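Residue strings, one per chain:
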Amino acid sequence: MPPNPERRVQILDTAIGILADEGVGGLTHRHVDDVAELPSGTTSNYFRTRQALLEATAARTVDLHWQRVEILQSAVGSLTRNGVKALMTRMLAEPDEQMRRYTLARFELFMEGTRRPELQPFLKDLQAAAVKSATLIFEAAGLNPTPDQVEQLSRLLNGYMFSQLTIPQQDDPAGLVDRLLSAFFEV
């Protein structure tokens, strides 16, 4: 692998942007080079196959997920039970443009995983990172979720976000979060 980690991140962030803007069909080595304004062949020097590019992009989304959780935690403040409600509501109600694009790219990767079984281990890592970060947040607020509770809640919230991104509607995410937390954790 070429030794320039900054270039690698640039390629993967460009790939995430392409997934968000055009879907997985637009993700080619040449297109990444063009969008990133890199010399022709740069992306293929880092990722020899399209599968390698998809796998590395999925791994990068895991890293970005962890970064996003840290930012949200600091924005909400200390994690009390009400802090967890505020954090979840903010994630659902106020996704900034970067988070919206990241989420679209993540869903593109999940959809591609239905056609490429070799991508599944990376998508499982992505889901595991989401569940682990949610578990840490809940535990910081004094809640003791079981792994099944966090997994189920994560799947429900993924479905909600998918619906909001594809068929947006005005609703009450704070009320939804309150009902979900009450159902799952008796908060």
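Below or above, wherever it landed, is the structure these notes cover. A quick note: this is a predicted structure, and the numbers were derived from the prediction, not measured.

**With respect to the layout of surface pockets**
1) Next: Quantified by volume, the largest pocket comes out at close to 280 Å³.
2) Next: I16, L64, Q98, M99 and Y102 are the residues nearest the centre of the largest pocket, which is lined by 13 residues in total.
3) Next: Counting only elements with at least two residues in the lining of the largest pocket, the list comes to α1 (5-22), α4 (50-76) and α6 (97-113).
4) Next: Here the element with the most residues in the lining of the largest pocket is α4; it accounts for five residues.
5) Next: Considering only residue class, the lining of the largest pocket consists of five nonpolar, four polar and four charged.

**Details of the packing of helix α5 (residues 81-93) against helix α8 (residues 147-166)**
1) Next: The N-to-C vectors of α5 and α8 enclose an angle of 30°; their axes lie 10 Å apart at closest approach. Classified by the interaxial angle, the pair formed by α5 and α8 is roughly parallel. Residues M88, M91 and L92 of α5 form the contact with α8, whose own contacting residues are L153, L157, Y160 and M161.
2) Next: Split by residue class, the contact of α5 with α8 holds seven nonpolar, no polar and no charged.

**Some details on unusual backbone geometry**
1) Next: The backbone phi angle of E37 is positive, close to 55°, even though this residue is not glycine.
2) Next: With respect to the element layout, E37 can be found in the loop between α2 (29-36) and α3 (42-46).
3) Next: You can call E37 exposed: its relative accessible area is 72%.

**Overview of α8**
1) Next: Taking 1.5 Å as the rise per residue, α8 with 20 residues should run 28 Å; its terminal C-alpha atoms sit 28 Å apart, in good agreement.
2) Next: Among the residues making up α8, those that are buried are V150, L153, S154, L157, N158, Y160 and M161. All buried residues of α8 fall inside an arc of 165° around its axis, so they share one side. Exposed side chains of α8 directed beyond 90 degrees from the buried face belong to D148 and R155.
3) Next: Contact partners of the buried residues in α8: α5, α6, α7 (120-140) and α9 (173-185).

Reading the values: the criteria
- Residues numbered from 1 in each chain as written.
- Predicted model: local features only at pLDDT ≥ 70, side-chain atom pairs only at ≥ 80, totals over all residues.
- Heavy atoms only, no water.
- 1 Å grid on protein atoms, 1.4 Å probe; cavity = no way out; pocket = protein on both sides within 12 Å on 5 of 7 lines; lining within 4 Å.
- Points joined across faces, edges and corners; volume = space filled by probe spheres on them.
- Helix = DSSP H or I, 4+ residues; strand = E, 2+ residues; numbered from the N terminus.
- Nonpolar A, V, L, I, M, F, W, Y, C, P; charged D, E, K, R; others polar.
- Axes fitted to C-alpha atoms, helices over the stretch in contact; angles between N-to-C directions.
- Parallel < 35°, antiparallel > 145°, perpendicular 65-115°, else oblique.
- Contact = heavy atoms within 4.5 Å.
- Buried < 20%, exposed > 50% of the residue type's maximum accessible area, 1.4 Å probe, protein only.
- Expected span 1.5 Å × (residues − 1).
- Arc of directions from axis to C-beta.

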